[in-house]
Amino acid sequence: YMTDWVFRLNTAILGCQQRYYEVLAEEQDKAAYDAVMAGDGFIRCMSIFVKNDAGEKGEDNRKAAQAVRDAVAAGAALEDYIGTRYNQDTSTCDYYFMRGYFIEEYEDAAFALAVGEVSEVVEVDNGFYVIQRMEPEDAYFEANLDSLKTMYHVCTMENEKERLAETISFERNELGEQIALWS
């Protein structure tokens, strides 16, 4: 149902967002560098994700995630579950991130953990996470400075956008009641 007008509006909005990001990045380059090198707001986590695939029962997946969580809390290594039936993701599942990068449920659980601590099972729309907060490595910050600075800028922009969105209210008027976007 995208009309030419909606397409042009969406393109203009994306262009404004890109320009805002560029200005923000220029203005905050020193702040980004300082934040990255100090580790400000960045945490490192490792996680497994038990995905609810079609035909699977969510409760069975919750139990599988709970079994992993219990084993890791008892001393097993979380990385031993990466690439197994518990977690189809074969990457390292080792992430450095800051608020505004992942989904809220994941971030809330991860930021609440102390280094070395393992989360309870975290339910999201399409599955279950078990998260372990890891000790950050200084060498990683130096080796990945550019990508971490980009993450800082994107997250700063997203967090500011969310803050501003909370201040906006919308009330439909008579004209708004008559508009049908699908027509």
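Here, every reference points to the structure presented above.
This report concerns the structure included in the present document.

Describing a negative patch on the surface
Here is step 1 of the chain: A cluster of acidic residues, Glu104, Glu105, Asp125, Glu162 and Glu166, forms a negative patch on the protein surface.
Here is step 2 of the chain: Its place among the elements puts Glu166 in helix 6 (residues 145–166).
Here is step 3 of the chain: Classification of Glu166 as exposed rests on a relative accessible area of 69%.

A short note on the pairing of strand 1 (residues 43–51)
Across a regular strand the side chains alternate sides, sitting on one face of the sheet and then on the other.
Here is step 1 of the chain: Among the nine residues in strand 1, eight count as buried, and that is most of the element.
Here is step 2 of the chain: With four bridges joining them, strand 1 and strand 2 (residues 94–97) adopt antiparallel strand pairing. Within strand 2, the position partnered with Ile43 by the bridge is Phe97.
Here is step 3 of the chain: Here eight bridges tie strand 1 to strand 4 (residues 127–134), and the two strands are oriented antiparallel to one another. What sits directly across from Ile48, in strand 4, is Val130.

Side note on the nonpolar core
What tends to happen in soluble globular proteins is that the nonpolar side chains get buried as a cluster.
Here is step 1 of the chain: If you look at the biggest cluster of nonpolar residues, it comprises 24 residues, and the most contacted ones within it are Phe42 and Ile131.
Here is step 2 of the chain: At the level of elements, helix 2 (29–38), strand 1, strand 2, helix 4 (104–112), strand 3 (122–124), strand 4 and helix 6 are the ones that each hand at least two residues to this core.
Here is step 3 of the chain: A per-element tally of this core places helix 6 first, with five residues.
Here is step 4 of the chain: Look past the residues within four positions of Phe42 in its chain and what remains in contact with it is Ala35, Val36, Phe97, Met98, Phe141, Leu148, Met151 and Tyr152.
Here is step 5 of the chain: Listed in part, the 16 residues of the second largest apolar core include Ile48, Val72, Ile82 and Phe128.

Thoughts on the sheet that holds strand 1
Here is step 1 of the chain: If you walk across this open sheet you meet the four strands as 2-1-4-3, and the pairing is antiparallel. The sheet terminates laterally at strand 2 and strand 3, the two strands that pair on one side only. Going across the sheet, the axis of each strand differs from the next one's by a mean of 40 degrees, ignoring polarity.
Here is step 2 of the chain: Bridge count between strand 3 and strand 4: three bridges; the pairing is antiparallel. The residue bridging Val122 from the neighbouring strand is Tyr129, located in strand 4.
Here is step 3 of the chain: Sheet strands in contact with helix 3 (residues 58–73) are strand 1, strand 3 and strand 4, and its direction is about 15 degrees off that of strand 4.
Here is step 4 of the chain: Its contacts with the sheet place helix 4 against strand 1, strand 2, strand 3 and strand 4, and it is angled at close to 30 degrees to strand 4.

Considerations on the pattern of salt bridges
Here is step 1 of the chain: As enumerated under the stated definition, the model contains eight salt bridges in all.
Here is step 2 of the chain: Its salt-bridge partner being Arg8, residue Asp4 comes within 2.8 Å of it at the nearest N-O pair. One end of the pair, Asp4, and the other, Arg8, are both in helix 1 (residues 4–27), four residues apart, so they sit about a helical turn from each other.
Here is step 3 of the chain: Given the relative accessible area of 52%, Asp4 is considered exposed.
Here is step 4 of the chain: In this structure, Arg19 engages Glu22 in a salt bridge whose closest nitrogen and oxygen atoms are separated by 3.3 Å. Within this pair, Arg19 and its partner Glu22 are both found in helix 1, separated by three residues, close to a single helical turn.

Observations concerning helix 6
Here is step 1 of the chain: Taking 1.5 Å of rise per residue, the 22 residues of helix 6 would be expected to cover 32 Å, and the 31 Å separating its terminal C-alpha atoms lies within 8% of that figure.
Here is step 2 of the chain: Taken together, the buried positions of helix 6 are occupied by Leu145, Leu148, Lys149, Met151, Tyr152, His153, Cys155, Thr156 and Met157.

Criteria and thresholds
- Residues numbered from 1 in each chain as written.
- Predicted model: local features only at pLDDT ≥ 70, side-chain atom pairs only at ≥ 80, totals over all residues.
- Heavy atoms only, no water.
- Patch = residues over 30% accessible without salt bridge, like charges linked within 9 Å, V, L, I, M, F, W, Y side chains within 5 Å.
- Areas by Shrake-Rupley, 256 points an atom, 1.4 Å probe, with all protein chains shown as cover.
- Salt bridge = Lys/Arg side-chain N within 4 Å of Asp/Glu carboxyl O.
- Lys, Arg positive; Asp, Glu negative; His and termini not counted.
- Charge placed at Lys NZ, Arg CZ, Asp CG, Glu CD.
- Helix = DSSP H or I, 4+ residues; strand = E, 2+ residues; numbered from the N terminus.
- Buried < 20%, exposed > 50% of the residue type's maximum accessible area, 1.4 Å probe, protein only.
- Pairing = 2+ DSSP bridges.
- Core = buried A, V, L, I, M, F, W, Y, C linked by side-chain atoms within 4.5 Å.
- Contact = heavy atoms within 4.5 Å.
- Axes fitted to C-alpha atoms, helices over the stretch in contact; angles between N-to-C directions.
- Expected span 1.5 Å × (residues − 1).

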